[in-house]
Amino acid sequence: MSTRRKFLHSAALGSFGTLLTKRLAAATPQVAVTGRPVVISTWDTGLAANKGAWEVLSRNGTALDAVEAGVRITESEINCCVGLGANPDRDGHVTLDASIMDHQWNCGSVAFLERIKHPISVARRVMEKTPHVMLVGEGAQQFAIAEGFPLEPAGLSEDAKKAYKEWLKKSEYKPVINIENTKSGKEGHGPHNDLGASGPWAPQRLPNGDWNHDTIGMVAMDAAGNLSGSCTTSGMGFKMRGRLGDSPIIGAGLFVDNEVGAVTATGQGEDVIRICGSHSVVEYMRQGLSPENACKAAVEKIARIKKEKAKEIQVAFIAINKKGEVGAYALQKGFSYAIKNNSEEKMVEVKSFLP
Ligand code: SD4
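This write-up is about the structure you can find in this document.

Procedures and definitions
Residues numbered from 1 in each chain as written. Predicted model: local features only at pLDDT ≥ 70, side-chain atom pairs only at ≥ 80, totals over all residues. Heavy atoms only, no water. Near = heavy atom within 4 Å. Polar contact = N/O pair within 3.5 Å; in protein donor to acceptor, adjacent residues only side chain to side chain. Nonpolar A, V, L, I, M, F, W, Y, C, P; charged D, E, K, R; others polar. Salt bridge = Lys/Arg side-chain N within 4 Å of Asp/Glu carboxyl O. Helix = DSSP H or I, 4+ residues; strand = E, 2+ residues; numbered from the N terminus. Buried < 20%, exposed > 50% of the residue type's maximum accessible area, 1.4 Å probe, protein only. Phe/Tyr/Trp six-rings, centres within 6.5 Å; stacked < 30°, edge-to-face > 60°. Pairing = 2+ DSSP bridges. Axes fitted to C-alpha atoms, helices over the stretch in contact; angles between N-to-C directions. Contact = heavy atoms within 4.5 Å.

Moving on to the site of the ligand. Taken together, 13 residues lie around the ligand, and D214, R243, D246, T266 and G267 are the ones closest in. The separation between an oxygen atom of the ligand and a polar side-chain atom of R243 is 2.7 Å. Interatomic distance of 2.7 Å between a backbone N/O atom of G267 and a nitrogen atom of the ligand. Partitioned by chemical class, the residues of the shell around the ligand number two nonpolar, eight polar and three charged.

Below, the structure written as structure tokens:
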């Protein structure tokens, strides 16, 4: 990090109190979309995923079907940062987490799932076909196989093999989550399918071999005005074996309250879990904050808890409220989300707490 950036970071943390006492109402929402249907999803991979969701939404399909279909596209990308092609844990295994929630408080999730291509669809089956909300590890895999999901071959994608080999040289667990802006001008660094998401927003490998992100979270409102959300991830690269992040935890990585709004999170899962992040954002919206300001309030809470360490992590939330307004906020610069509705399809750069 340049000296100037270091200075800006510490200056930001030094004037922490001032930043926190700024009135939330003073901030203007970046995008306020009214009208439905609408879908938003985290990061550049959201562009392609939104197209999948839109196929469903534009034909009057449900938000639930849309958020499942959308993130399945990202899970299918070989050599990318979310599904089976992603970086492994520190023992060399790819383990996947996912969650889904509809407009009627139904929810399902899987975690520590290996060798299954579409964890999001297994999460939906957990929701619809079991009396439980969450299945993990071997049991989740057993359930998936019983439900007809193929068991994929063990092993890593070519990209992940290289990254793992590199990582093993030092074997240090040092997550670097998207502190640098993905829109850095380094075009086309990520491998993609033919559905979009290339160019300046493309996922990039960081110097430590990790991806600048490894999750997609999506929330949508359908033509009937109902909300749903999904979140799927390989978790943080080179994590401890058995580690779960926020993504499969309802209330942390994802939360939907059809009377208020739908929210999903990305970034350092441990810190999202600590404050029940997505649930908190929904509750801030219930108190009357706009989606952007509600996300901001949750990010500020994490920053307050982390103090000096806030500069070492990234956390971001995206939200839709019941009016179909959307917003987002991040701890660090460099986070973006993809939006699609009847009038627009684009990436939105998100405001951040730290400069
Ligand atoms: C996790 N929240 O496993 C995820 C990581 C993430 O972009 O969002 N990365 O903690």
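Once you've had a look at it, read on.
This paragraph deals with the pattern of salt bridges. In the structure shown here, the tally under the stated rule is 20 salt bridges. Among the salt bridges present, the one from K129 reaches E147, with a minimum N-O distance of 3.1 Å. Within this pair, whereas K129 is found in helix α5 (residues 119-129), its partner E147 is found in the loop between α6 (137-146) and α7 (158-170), the two being separated by 18 residues in sequence. You can call K129 exposed: its relative accessible area is 54%. Residue classification places E147 among the partly exposed positions, given a relative accessible area of 23%. Note that E344 and K346 form a salt bridge whose closest N and O atoms lie 3.2 Å from each other.

This next bit is on the environment of G253. Checked against the element boundaries, G253 lands in the loop between β6 (227-233) and β7 (254-257). Note on G253: relative accessible area 0%, which makes it buried. For the pair G253 and V263, spaced ten residues apart in sequence, the C-alpha separation works out to 8.1 Å.

According to the stated counting rule, one finds five aromatic pairs in the structure shown. Ring centres of W167 and F238 lie 5.0 Å apart, and the angle between their planes is 10°; this geometry places the pair in the stacked category. Note that W167 is positioned in helix α7 and F238 in the loop between β6 and β7, a separation of 71 residues in sequence. Each member of the pair, W167 together with F238, is buried. One aromatic cluster in this structure is built from Y164, W167 and F238.

We now examine the sheet that holds strand β1 (residues 38-42). Taking strand neighbours across the sheet as the criterion, the eight strands line up as β4-β3-β2-β6-β5-β1-β11-β12 in an open arrangement whose pairing is mixed. Two strands close off the open sheet at either side, each with one partner strand: β4 (134-136) and β12 (345-349). Strand-to-strand twist across the sheet, computed as the mean angle between neighbouring axes with direction ignored, equals 10°. Two elements, β1 and strand β5 (residues 215-221), share four bridges in a ladder whose sense is antiparallel. Within the sheet, the bridge partner assigned to I40 lies in β5 and is V219. Strands in contact with helix α3 (residues 46-57) are β1, β5, β11 (336-341) and β12; relative to β1, the strand with the most contacts, it is inclined by about 155°.

Note on placement: S278 falls in helix α9 (residues 277-286). Those residues in contact with S278 that lie beyond four places of it in its chain are G251, A252, G253, L254, F255, V263, T264, A265 and F317.

Looking now at the sheet that holds β7. Think of a sheet as strands paired side by side through backbone hydrogen bonds, with each pair either parallel or antiparallel. A sheet is described by the order of its strands in space; here four strands give the open sequence β7-β8-β9-β10, paired in antiparallel fashion. Each edge of the open sheet is held by one strand with a lone partner, namely β7 and β10 (326-330). Averaged over neighbouring strand pairs, the angle between their axes works out to 10° when direction is ignored. One ladder, built from five bridges, connects strand β9 (residues 315-321) with β10; its direction is antiparallel. Bridge pairing links A316 to A330 in β10. Contacting β7, β8 (261-267) and β9, α9 crosses the sheet at an angle of about 140° to β8. Helix-sheet contacts for helix α10 (residues 291-306) involve β9 and β10, and the interaxial angle to β10 is about 20°.

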